[in-house]
Every structure is written in structure tokens, then in C-alpha cells.
Amino acid sequence: ETDTPPVLDGSLSDDVWKKSEVVRITRTLDGSGAASQPTEVRLLRDGTNLYLGFRIIEPFIQKMKAACKGHDEGLWADDSVEIFIGAVNEWCYQFIVNSNGATFDASGGNKKWESGLKAAAKTGKGEWIAELSIPLKSILPPKGVDKSLPGADGTIPVHWIANFNRNRYTRGKW
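Residues numbered from 1 in each chain as written. Predicted model: local features only at pLDDT ≥ 70, side-chain atom pairs only at ≥ 80, totals over all residues. Heavy atoms only, no water.

**Quick word on the side chain of Ser 133**
Turning to step 1, where the next piece is worked out: When you line up the elements, Ser 133 lands in strand S8 (residues 127–135).
Turning to step 2, where the next piece is worked out: In this structure Ser 133 touches Leu 8, Asn 49, Leu 50, Tyr 51, Gly 116, Leu 117 and Lys 118, once residues within four positions along its chain are discounted. (Helix = DSSP H or I, 4+ residues; strand = E, 2+ residues; numbered from the N terminus. Contact = heavy atoms within 4.5 Å.)

**Details of the packing of aromatic side chains**
What characterises a pair of aromatic rings is the spacing of the ring centres plus the angle enclosed by the ring planes.
Turning to step 1, where the next piece is worked out: Counting across every chain of the model gives four aromatic pairs.
Turning to step 2, where the next piece is worked out: With centroids separated by 6.5 Å and ring planes inclined at 70 degrees, the aromatic side chains of Phe 54 and Phe 164 adopt a geometry described as edge-to-face. Linking Phe 54 in strand S3 (residues 49–57) with Phe 164 in strand S9 (residues 161–167), this pair joins segments that are 110 residues apart in sequence. The burial state of Phe 54 is the same as that of Phe 164; both residues are buried.
Turning to step 3, where the next piece is worked out: Above the ring of Tyr 169, the side-chain terminus of Lys 65 is found at 5.4 Å from the ring centroid. (Phe/Tyr/Trp six-rings, centres within 6.5 Å; stacked < 30°, edge-to-face > 60°. Buried < 20%, exposed > 50% of the residue type's maximum accessible area, 1.4 Å probe, protein only. Lys NZ or Arg CZ within 6 Å of the ring centre and 35° of its normal.)

**Quick word on the side chain of Glu 131**
Turning to step 1, where the next piece is worked out: Here Glu 131 shows up in strand S8.
Turning to step 2, where the next piece is worked out: No salt bridge is formed by the buried Glu 131; its nearest oppositely charged neighbour, Lys 122, is found at 7.7 Å.
Turning to step 3, where the next piece is worked out: At a separation of 2.8 Å, a polar atom in the side chain of Glu 131 contacts the main-chain amide nitrogen of Gly 10. (Lys, Arg positive; Asp, Glu negative; His and termini not counted. Salt bridge = Lys/Arg side-chain N within 4 Å of Asp/Glu carboxyl O. Polar contact = N/O pair within 3.5 Å; in protein donor to acceptor, adjacent residues only side chain to side chain.)

**Regarding the sheet that holds strand S6 (residues 103–107)**
Turning to step 1, where the next piece is worked out: The antiparallel open sheet is built from four strands, whose spatial order is S6-S5-S4-S9. In this open sheet, the two strands that pair with only one neighbour each are S6 and S9. Neighbour-to-neighbour, the strand axes of the sheet open up by a mean angle of 15 degrees, direction not taken into account. (Pairing = 2+ DSSP bridges. Axes fitted to C-alpha atoms, helices over the stretch in contact; angles between N-to-C directions.)

**Points about the pattern of salt bridges**
Turning to step 1, where the next piece is worked out: Inspection of the entire model under this criterion finds six salt bridges.
Turning to step 2, where the next piece is worked out: Taking the shortest distance from any N to any O, the salt bridge between Glu 58 and Arg 168 comes out at 2.5 Å. One end of the pair, Glu 58, is in the loop between S3 and strand S4 (80–86); the other, Arg 168, is in the segment after S9, with 110 residues separating them in the sequence. When sorted by exposure, Glu 58 lands in the same class as Arg 168, which is buried.
Turning to step 3, where the next piece is worked out: Linked by salt bridges that have partners in common, Arg 24, Glu 40 and Arg 42 make up one network.

Written out as C-alpha cells, the structure reads:
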């Protein structure tokens, strides 16, 4: 937890990121082998937002696919990072950002849903960085779910279930 939010500028140089938890993506999307290039995910939150910082190692920066420029386009077909998150298995939300900083958010596959997601991305030498800010209130359970589920009463859950993915097309396939 942090009192100072990171500046969303496509850089993980803010001191606040030094306090973050780090998760490494170590397997391919289908689980059949080790990830070909390292990807790190940093996690922080304050009272209102969840912050994610990705460091994506990419030796073939010039071959990255980043066709999407707008919001809610098919970013999974670009080199991108993807987050699925919820407090229990009964529902989840999807967030994607590519190296252009284009964003996608959906609730239960509904891309018309708007979360208030903010993101920034920057490409550097041999890596690209993505930073996201997701309002915690936007990822509470949808109305009508079992009131005994974490967050169904409107309070922010302490525990979350998340899946972090990297879509990499520089070598011709993910």
C-alpha cells in the first residue's frame, strides 16, 4: 500500500515503485514452456486505485506489433500485456495495454463497460514499460451477485485473484 501514487509516464523510476511487490511472468500463455523473454509486474494500491507497472524485455523492439491506437480495440492481437482480475472466481475484469499506451477494458467480455483505466507506455532500448491505474471501485463485483462474496457490499476486498499475461508477436506468434 502507498500514500503516494506513481506518475503514469511509462517509466518505473518513481521511488514508490521500489516499495512494490514484483511478480514475474515465467511461463508461456499455454503453459507449455518457459517464457522466452522476462516480464515483471509491479503492484501497488492506495485507497482508491490499483497501480500496475510492467517491465517487458524485448530484444526485437523494431518488430513489435502495435497496430491499435485507440480504446477498446483488439489489443490482444498486438504485443501487449493483459490483466484479468476479480475478488473471487465468479466474475472478472479484463485490462490490456500495448506499447503505444492504447487501452482495453471489459467486464465479463462486455467492452462497452468503462472502468476509468488510465495507462502510459514507453519503448526503450531492449524493453518497454507500461503503467496502469485502475479505480478499485470499478472492479467490485457487479450488482446482483451473492452478497456474501468479497466486495459485494461495496467494500474493497483485501484479497484478489489475478492473471497476468504477455502477448508477444515479434517472433511471428505469441
